[in-house]
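# Notes for the structure review
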Amino acid sequence: MSRTYRATVRGRFEHLTPAQRERLRAEQDAHGMFAARFTPEGTFLYGPELVGYQFRYLLSVDEGSPEDADLLARMEAEDLAAAGIVDRGLRGRIVDTGLVCIEDMKIRGRPR
């Protein structure tokens, strides 16, 4: 069973140096909420206050049950986010992970 997820991993920056803060502020336009989208490679977002960050992923998971797929998607998103923050030369900790399975979404019709 294949399931597609929109995963949002929220974290908090830790021990940013002045040079890291300067670099993040210089790149902020490319990582603000207007750049937010769910992609397989992930979108890195943060605000100008440099407290928290987000990664947004579009993940496909093949598992036998929805519960196993949910767990695998959560683990994969958190692993990708942890690697993503390290790849950027930063430190942070994950505080929350949200998942929405696209197959479980209900589309409402227009009221008549």
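Use the structure listed above.
Let me sum up the structure you'll find in this document. (Residues numbered from 1 in each chain as written. Predicted model: local features only at pLDDT ≥ 70, side-chain atom pairs only at ≥ 80, totals over all residues. Heavy atoms only, no water.)

Now for the overall build of the protein. Scanning the protein from N- to C-terminus turns up 2 helices and 4 strands. Seen through its C-alpha atoms, the protein measures out along the principal axes to roughly 50 × 40 × 20 Å. Looking at the protein residue by residue over its 112 residues, the buried ones come to 35%. Within the protein, contacts between residues separated by at least 24 positions form 66% of all contacts whose residues are at least 6 apart in sequence. Taken as two groups, the 17 positive and 18 negative side-chain charges of the protein have centres that lie 9 Å from each other. (Helix = DSSP H or I, 4+ residues; strand = E, 2+ residues; numbered from the N terminus. Buried < 20%, exposed > 50% of the residue type's maximum accessible area, 1.4 Å probe, protein only. Contact = heavy atoms within 4.5 Å. Lys, Arg positive; Asp, Glu negative; His and termini not counted. Charge placed at Lys NZ, Arg CZ, Asp CG, Glu CD.)

Turning our eyes to something else, we now look at the nonpolar core. F13, L24 and F44 are the most contacted members of the largest nonpolar core, which totals 16 residues. At the level of secondary structure, the elements contributing two or more residues to this core comprise strand 1 (2–13), strand 2 (43–46), strand 3 (52–62) and helix 2 (66–87). At 4 residues, the largest contribution of residues to this core is made by strand 3. In contact with L24, not counting residues within four places along its chain, are F13, L16, F44, Y46, L50 and L90. Membership of the second largest hydrophobic core comes to 5 residues, among which are Y5, V61, A73 and C101. (Core = buried A, V, L, I, M, F, W, Y, C linked by side-chain atoms within 4.5 Å.)

A word on the pattern of salt bridges. Enumeration over the complete set of coordinates arrives at 4 salt bridges. R10 is the partner of D96 in a salt bridge, and the nearest nitrogen-oxygen pair spans 3.3 Å. A residue pair is termed long-range when its members are at least 10 positions apart, and D96 in strand 4 (residues 92–101) and R10 in strand 1 qualify at 86 residues. Residue classification places D96 among the partly exposed residues on the basis of a relative accessible area of 40%. We classify R10 as partly exposed; its relative accessible area is 34%. Where R93 meets E14, a salt bridge forms, and the shortest distance between an N and an O atom there is 3.3 Å. On the criterion of sequence distance, the pair formed by R93 in strand 4 and E14 in the loop between strand 1 and helix 1 (18–26) is long-range, its members being 79 residues apart. Classification of R93 as partly exposed rests on a relative accessible area of 41%. Several salt bridges converge on common partners, so that one network encompasses R3, D70 and D104. (Salt bridge = Lys/Arg side-chain N within 4 Å of Asp/Glu carboxyl O.)

Let's shift gears to the packing of aromatic side chains. Under the criterion given, the structure shown has 8 aromatic pairs. Summarising the aromatic geometry, the rings of F44 and Y46 are spaced 5.3 Å apart at their centres and angled 50° between planes, so their arrangement reads as tilted. Ring pairing ties together the aromatic residues F13, F44, Y46, Y53, F55 and Y57, which thus form one cluster. (Phe/Tyr/Trp six-rings, centres within 6.5 Å; stacked < 30°, edge-to-face > 60°.)

Now for the environment of E63. Tracing the backbone shows E63 in the loop between strand 3 and helix 2. Since its relative accessible area comes to 27%, E63 is described here as partly exposed. Sequence spacing of E63 and A73 is 10 residues, and the spatial spacing of their C-alpha atoms is 9.9 Å. In contact with E63, not counting residues within four places along its chain, are M1, D68, A69 and L72.

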